Amino acid sequence: MSVLFPKVQKPREWDYRPIYFDKDKEARKDKKLARLRHGAFREEHEKNMTELRKKKQSRLWLWIILLGMLVIAFYILL
């Protein structure tokens, strides 16, 4: 500590931020808490896996149709 310039702590400042009700934020919070119930992770995983299977199957059909169109185009042109 210095004799000429003593160090004095400043008083704490008043930091008040009012809290407003946001119903969208409350809905997100409730939805998040609802997902944390027992077995929710398994259900979410199963739902995601079925969606992934559907995507893969639709992508497979798209490639099969494109391949068929390509074969038909080569057959007609040659």
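The residue numbers shown here count from 1 along each chain, following its written sequence. Two thresholds apply to this predicted model, a pLDDT of at least 70 for residue-level local features and 80 or more for giving and counting side-chain atom pairs, whereas whole-chain, interface and lining totals are computed over all residues. Side-chain calculation: all heavy atoms of the structure are included, whereas hydrogens and water are not.

Here's the deal with the overall build of the chain
Logical step 1: Secondary structure is summarised from DSSP: a helix means a run of H or I of at least four residues, a strand means a run of E of at least two, and numbering begins at the N terminus for each. A tally of helices and strands in the chain yields 2 helices and 0 strands.
Logical step 2: In this treatment the radius of gyration is a C-alpha quantity, and the globule benchmark scales as 2.2 Å times the residue count to the 0.38 power. Here the C-alpha radius of gyration of the chain, 32 Å, is well above what a compact globule of 78 residues would show, namely 12 Å.
Logical step 3: Summarising its shape, the C-alpha atoms of the chain cover approximately 100 × 40 × 25 Å along the three principal directions.
Logical step 4: With a 1.4 Å probe rolled over the protein chains alone, any residue whose accessible area is under 20% of its type maximum counts as buried; one over 50% counts as exposed, and the rest are partly exposed. A buried classification covers 1% of the 78 residues belonging to the chain.
Logical step 5: Only the protein chains shown count as cover for residues, and the accessible areas themselves come from Shrake-Rupley with a 1.4 Å probe. Entry remark: accessible area of the chain is about 9,200 Å², with carbon and sulfur atoms responsible for 63%.
Logical step 6: Counting 19 positive and 10 negative side-chain charges, the chain places the centres of these two groups 5 Å from one another. The convention is simple: Lys and Arg are positive, Asp and Glu are negative, and His and the chain ends are not counted. In plain terms, the charge of a residue is placed at NZ if it is Lys, CZ if Arg, CG if Asp and CD if Glu.

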